[in-house]
Amino acid sequence: MHVIATAGHVDHGKSTLVRQLTGTDPDRWAEERRRGLTIDLGFAWTRLADGCTTAFVDVPGHERFVPNMLAGVGPVPAVLFVVAADEGWMPQSDEHLDALNALGVRHGVLAVTRCDLADPRAASEQAADHLAGTTLAGIPCVPVSGATGAGLDALRTELDSLVHRLPAADRDADVRLWIDRVFTVRGAGTVVTGTLTAGTLHVGDHLQLHPAGITCAVRGLQALGSPEPQVGAVARVAVNLRGVDCGQARRGDALLTPGRWLSTEVFDVRIRPTPTTWPAELMLHIGSAAAPVRVRPLGPDHARLTSNVPLPLRIGDRALLRDPGGHRIHGGVDVLDVRPPPLTRRGAARARAAELAAMDSSPDGVAELRRRRVVRAEELRAMGAPPPRTGRWLISEDHRAALAARLAELLAQHRRDDPLADGMPAEAARRALDLPDPALLAEVADTAGIALRAGRLHDERPDLPDHVRRGVSAVREALLDHPFQAPTADELSALGLGDRELAAAARVGALLRVAPGLVLLPDAEQVAVDRLDALPEPFTLSQAKRALDTTRRVAVPLLELLARRGRTRRLPDGTHRVVSR
């Protein structure tokens, strides 16, 4: 399915054109039909000559209903722009074009309607002049008459060509469905509709209703009026929800993949084109949402926006700012940062303006990690920036190198203060370096050439040959995401690691040797105890395997090691218990 929104001045024939193309009246309300004026969003669909299905979102043209129009075009990738031959370009044509240009809509067809009432050439030339210099410059133009049907076949041909030019949607992406309608169906409950621009919905999925924070289940799906077990982007979709009352959802809310989106009220943006004025407050439109925002300029074309309501945003999102009092589009918005730093210190705003000027609106995991220095991988992903490497926590190379130098200084100072101590406690070092996770200390220590074993840091440099160091590094990296899925003997052999090499790595604290041919990360003992301590006691070997996400090959010797070191105790019936300390 492909989705196209209409745009154009009031009473230029948008709804008539959709009705002629689809055979369906998009005006849903009796008031709309009585007045012959579209007030809210309308929806209809048709199948083009080659079998492609195209859905239309029909938007109102009157200036009083611009917020409704923006809710319709916000999530839609293409437009059918309508100009009447007998009236030509009009004021709402301008505002609709400004909105589409601000949102970066690049795909469309220009329909010059009512060509039975006037020669369409003048209006076509006038429209082309207005479109020039915008994202819709050069789109094909088709004269048409909704009254006589003239030009409809040519318009269908152009629409068919248009939908084949649209970029393919990412159906594996996280779902963010901006809601544009909410209603109740007797016997089914709450139904919401929207334009799905990325991802795939399945019956039975659990989603989060934002900003209410309600977790709900997909009871049913419909696309083009037919029940479907799943619907992939791009599509108009109706979602029957379980766990949500009709009054708890409204236009502008969003259905999200749980745990994969950040909610933010403060975010930094680039504004296009460069503003000439800076109103203190504007209305932000993204998807079907409209939120009042306070504007703090940061340089000539950047700003910090503070929303009255939380929004599920990602780096690279496009939105627009509108001045509702002045009835004009203030500019387009590229979201640059959804977790910006506070601007509390003197000179912070000036420094932030310089940083924003160097930033790109394309999500870049490496650049984001460099700016943030230390960040959770899942938070980076939720920002829209793909993590540059595996691991639960990530640290930038520059920051790791700086911390490694600092760690060497801390260890040297500790040795001077207490020359008889058996190394420095790892936890004290972690706190001194302000590291949020013990695994990061292991990375910093490795960079500094400092051994970490049994919870203490030692300043002797690991005396390992280069080929062993490379093999050990490969093992450590493989264990970061699944710390108890130990490499097999064959895998170790392929890395050039035999018993002697593994024993040497264990002596310098680079690995924990659980048994001959079985190694884990140096902190695996404590991580295992923490996981096992969360189990109901006593626990079985099977429960331990599940908690550690491992196999019997690893679990049995690991439990034996923990018992030998007094961390766990094996009971007579074969179950186990963590020893409290």
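All values reported here derive from a predicted model rather than from experimental measurement. (Residues numbered from 1 in each chain as written. Predicted model: local features only at pLDDT ≥ 70, side-chain atom pairs only at ≥ 80, totals over all residues. Heavy atoms only, no water.)

Once that is clear, we can look at the pairing of strand S4 (residues 78-84). Most of S4 sits out of view: 7 of its 7 residues are buried. Neither face of S4 is left uncovered, since the one carrying Ala 78, Leu 80, Val 82 and Ala 84 and the one carrying Val 79, Phe 81 and Val 83 both have all their residues buried. Pairing of strand S1 (residues 2-8) with S4 involves 5 bridges; the strand directions are parallel. Paired with Ala 7 across the bridge in S4 is Phe 81. Across 7 bridges, the pairing between S4 and strand S5 (residues 107-113) is parallel. Bridge pairing in S5 links Phe 81 to Leu 110. (Buried < 20%, exposed > 50% of the residue type's maximum accessible area, 1.4 Å probe, protein only. Helix = DSSP H or I, 4+ residues; strand = E, 2+ residues; numbered from the N terminus. Pairing = 2+ DSSP bridges.)

Within this structure, the stated rule accounts for 1 aromatic pair. Plain terms: the ring middles of Phe 81 and Trp 89 are 5.4 Å apart, the flat faces sit at 5° to each other, and that makes the pair stacked. Under the relative-accessibility criterion, Phe 81 is labelled buried at 0%. The ring of Trp 261 carries the charged tip of Arg 314 above its face, separated from the ring centre by 3.7 Å. (Phe/Tyr/Trp six-rings, centres within 6.5 Å; stacked < 30°, edge-to-face > 60°. Lys NZ or Arg CZ within 6 Å of the ring centre and 35° of its normal.)

Right, let's get into the sheet that holds S4. Strand order across the open sheet formed by 6 strands is S2-S3-S1-S4-S5-S6, with mixed pairing between neighbours. Two strands lie at the open edges of the sheet, namely strand S2 (42-47) and strand S6 (141-143), each paired on one side alone. Neighbour-to-neighbour, the strand axes of the sheet open up by a mean angle of 25°, direction not taken into account. With 6 bridges joining them, S2 and strand S3 (residues 53-58) adopt antiparallel strand pairing. In the strand pairing of S3, Phe 43 is matched with Val 57. Here helix H5 (residues 120-131) sits on the sheet and contacts S4, S5 and S6; the angle it forms with S5, its principal contact strand, is near 150°. The strands that helix H6 (residues 152-165) touches are S1, S3, S4, S5 and S6; relative to S5, the one it contacts most, it runs at about 165°. (Axes fitted to C-alpha atoms, helices over the stretch in contact; angles between N-to-C directions. Contact = heavy atoms within 4.5 Å.)

A word on the sheet that holds strand S25 (residues 451-453). Ordered by their spatial adjacency, 3 strands build an open sheet running S24-S26-S25, and the pairing between neighbours is antiparallel. In this open sheet, the two edge strands, each paired with only one partner strand, are strand S24 (424-425) and S25. Sheet topology note: the S24/strand S26 (residues 456-458) ladder contains 2 bridges and is antiparallel. Directly across from Pro 425, in S26, lies its bridge partner Arg 456.

Further remarks concern the state of the cysteines. Inspection of the entire model under this criterion finds 0 disulfides. Unpaired in terms of disulfides, Cys 115 finds its nearest cysteine sulfur in Cys 141, a separation of 10 Å. Judged by relative accessible area, Cys 115 falls into the partly exposed class, the value being 22%. Cysteine Cys 216 is unpaired, with the sulfur of Cys 246 as its nearest cysteine sulfur at 13 Å. Under the relative-accessibility criterion, Cys 216 is labelled buried at 1%. (Disulfide = S-S within 2.5 Å.)

Another aspect to go through is helix H10 (residues 397-417). With 21 residues, H10 should reach 30 Å at 1.5 Å per residue; the first-to-last C-alpha distance of 30 Å fits that figure. Inspection of H10 places His 399, Arg 400, Leu 403, Ala 404, Leu 407, Leu 410, Leu 411 and Ala 412 among the buried residues, and these make up the whole buried set. For H10, the elements touching its buried residues are strand S22 (374-376), strand S23 (393-395), S24, helix H11 (426-432), helix H12 (438-448) and S26. (Expected span 1.5 Å × (residues − 1).)

Packing of helix H16 (residues 524-533) against helix H17 (residues 541-548) brings their axes to within 9 Å, and their N-to-C directions diverge by 115°. Of the two elements, H16 crosses H17, and the hand of that crossing is right-handed. Residues Ala 528, Arg 531 and Leu 532 of H16 touch H17, and the partners they reach there are Ala 544, Ala 547 and Leu 548. Of the residues that constitute the contact of H16 with H17, the class distribution is 5 nonpolar, no polar and 1 charged. (Left-handed = near helix turned anticlockwise from the far one by under 90°. Nonpolar A, V, L, I, M, F, W, Y, C, P; charged D, E, K, R; others polar.)

Mapped onto the fold, Leu 320 is located in strand S20 (residues 318-323). Relative accessible area serves as the criterion here: at 1%, Leu 320 is assigned to the buried category. Separated by 34 residues in the primary sequence, Leu 320 and Ile 286 place their C-alpha atoms 6.8 Å from one another.

On to the domain arrangement of the chain. The domain boundaries assigned to the chain delineate domain 1 (2-165), domain 2 (176-256), domain 3 (262-362), domain 4 (396-458) and domain 5 (466-578). A straight line from the C-alpha centre of domain 3 to that of domain 5 covers 48 Å. (Domains from an automatic or database assignment.)

One finds Leu 520, Leu 532 and Leu 558 to be the most contacted residues of the largest nonpolar core, which totals 35 residues. Mapped by element, the contributors of at least two residues to this core are helix H13 (466-479), helix H15 (499-507), strand S27 (512-515), strand S28 (518-520), H16, H17 and helix H18 (552-564). Of the residues forming this core, the biggest block, 5 residues, is contributed by H18. The next biggest cluster of nonpolar side chains, apart from the first, holds 33 residues, and it includes Leu 284, Ala 291, Val 338 and Leu 394. (Core = buried A, V, L, I, M, F, W, Y, C linked by side-chain atoms within 4.5 Å.)

Remark: H16 packs on H18, axes separated minimally by 11 Å, with the N-to-C direction vectors making an angle of 95°. One element, H16, and the other, H18, form an angle in the roughly perpendicular class. For the pair H16 and H18, contact is made by Glu 525, Ala 528, Val 529 and Leu 532 and by Leu 558, Leu 559 and Leu 562, respectively. (Parallel < 35°, antiparallel > 145°, perpendicular 65-115°, else oblique.)

What follows concerns helix H1 (residues 14-22). Along H1, the residues that are buried comprise Lys 14, Ser 15, Leu 17, Val 18, Leu 21 and Thr 22. Viewed along the axis of H1, the buried residues span an arc of 160°, placing them on a single side of the element. Packing partners of the buried residues in H1 comprise S1, S2, S3, S4, S5 and H6. Where H1 ends, the next residue or the one after it, Gly 23, has phi of about 80°, a positive value. (Arc of directions from axis to C-beta.)

Before going further, it helps to spend a moment on the confidence of the model for the chain. Residues with a pLDDT of 70 or more make up 93% of the chain, whose mean pLDDT is 88. Considering only residues more than four positions removed or in separate chains, one finds that residues 28-40, a stretch of pLDDT under 50, has 32 contacts. Note on residues 61-65: pLDDT under 50 across the span, and 16 contacts to partners over four residues away in sequence or across chains. (pLDDT = per-residue confidence, 0-100.)

Of all 10 residues making up strand S21 (residues 328-337), 9 are buried, and the element is well covered by its neighbours. Pairing of strand S16 (residues 263-272) with S21, which is carried by 5 bridges, proceeds in the antiparallel orientation. Note on S21: the bridge partner recorded for Arg 272 is Gly 332. Note: S20 against S21, 6 bridges, orientation antiparallel. Within S21, the residue paired with Arg 318 across the bridge is Asp 334.

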